[in-house]
Amino acid sequence: MQNKDIKALKDPMGAAILDYFKNGRAAKLRVFSSQFDEDEIPVEELFREYEQMPYLEKMALGLSRGQILDVGAGSGCHSLALQKMGKSATAIDISPLAVSVMRERGLDARQVDLFDESFTGNYDTILMLMNGSGIIGTIDNMPKFFSRMRQLLAPDGFILMDSSDLKYLYEDEDGSFEIDLAADYYGQLDYRMQYKNIKGEVFDWLYIDFQTLSYHAGQNGFKAELVAEGEHYDYLAKLSLS
């Protein structure tokens, strides 16, 4: 069995995307975490059109310019929306099945790990949407992330990233927040996905509040701008070299 086939066997997200693309429907894409109860990702939402996208995503697409890198592109919905706006993007994802679907949809898609330094470029806009901060994994990875962004950004380039502040999960009835500051950062989660009998590996995923993001950006030679806030502790940030 080829290495690509082995990867596909552990690619639940890609399998769900492929099923929906081929058949117009998919089974449950299940999500497990040691911190929370089992959840589900509605696969049809991965194929949403521009009109169905949240306000923050629409804003990010509108601000995107020049050479665009769509990170963690999934089914390619954002790259397709950019295409309809007369813009073009390189879409990357670690899922071999998702990449095959994006290519069938007419996109420039590549199977790439963002942190693989053999992948190079000079991008004016790096898009990280659908809680794009998740790809960073943990707070400890912040220096590595910003170092990688420095390698991929054009001199006047910027990152457009959305995320959420999970503090609402720790809100008491009186409006105060009970967060253990001595523990790991409360936005660090571990996830594992399953689609039908295809089980993925456990991976780290980071939700980060804007103040913490801004602090780490400053520590690594970047500046963070709060572009807009959503309806439920979510936001869109613009990160650029300071």
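Up top is the structure these notes are about.
Chemist: Describe helix H3 (residues 55-63), listing the residues and the values that go with them.
Modeler: Those residues of H3 not exposed but buried are Leu-56, Glu-57, Ala-60 and Leu-61. Here the buried residues of H3 occupy an arc of 135° about the axis, which is enough to place them on one side. Residues of H3 that are buried in the fold lie against helix H4 (77-84), strand S6 (123-128), strand S7 (153-164), strand S11 (222-229) and strand S12 (234-241).

Chemist: Give a detailed account of the layout of surface pockets, specifying residues and quantitative values.
Modeler: When its volume is computed, the second largest pocket comes out at roughly 260 Å³. Together, 13 residues line the second largest pocket, and Asp-165, Lys-167, Asp-209, Phe-210 and Glu-229 are the ones closest to its centre. Secondary structure elements with two or more residues in the lining of the second largest pocket: helix H7 (210-219), S11 and S12. Ranked by the residues each element gives to the lining of the second largest pocket, the list is headed by H7, at 3 residues. Each residue belonging to the lining of the second largest pocket can be placed in one class, and the counts come to 5 nonpolar, 3 polar and 5 charged.

Chemist: Can you explain helix H2 (residues 12-23)? Please cite residues and give values.
Modeler: Between its first and last C-alpha, H2 extends 16 Å over 12 residues, near the 16 Å set by a 1.5 Å rise per residue. Along H2, the residues classified as buried are Pro-12, Gly-14, Ala-15, Ala-16, Ile-17 and Asp-19. Next to the buried residues of H2 lie strand S1 (29-32), helix H5 (96-104), strand S8 (188-195) and strand S9 (198-199). Of the residues one or two after H2, Gly-24 is the one with positive phi, at around 75°.

Chemist: Give me the lowdown on the pairing of S7, citing residues and values where you can.
Modeler: For S7, the tally of buried residues reaches 10 of 12 residues, placing the bulk of the element in the interior. One ladder, built from 5 bridges, connects S6 with S7; its direction is parallel. The partner of Ile-126 across the bridge, within S7, is Ile-159. Each parallel crossover has a hand, and the one from S6 via helix H6 (residues 142-152) to S7 is right-handed. Looking at chain direction, S7 and S12 are connected through 7 bridges and run antiparallel. Considered in S12, the bridge of Asp-162 is made with Leu-236.

Calculation rules
- Residues numbered from 1 in each chain as written.
- Predicted model: local features only at pLDDT ≥ 70, side-chain atom pairs only at ≥ 80, totals over all residues.
- Heavy atoms only, no water.
- Buried < 20%, exposed > 50% of the residue type's maximum accessible area, 1.4 Å probe, protein only.
- Helix = DSSP H or I, 4+ residues; strand = E, 2+ residues; numbered from the N terminus.
- Arc of directions from axis to C-beta.
- Contact = heavy atoms within 4.5 Å.
- 1 Å grid on protein atoms, 1.4 Å probe; cavity = no way out; pocket = protein on both sides within 12 Å on 5 of 7 lines; lining within 4 Å.
- Points joined across faces, edges and corners; volume = space filled by probe spheres on them.
- Nonpolar A, V, L, I, M, F, W, Y, C, P; charged D, E, K, R; others polar.
- Expected span 1.5 Å × (residues − 1).
- Pairing = 2+ DSSP bridges.
- Right-handed = clockwise from strand over helix to strand, strands pointing away.

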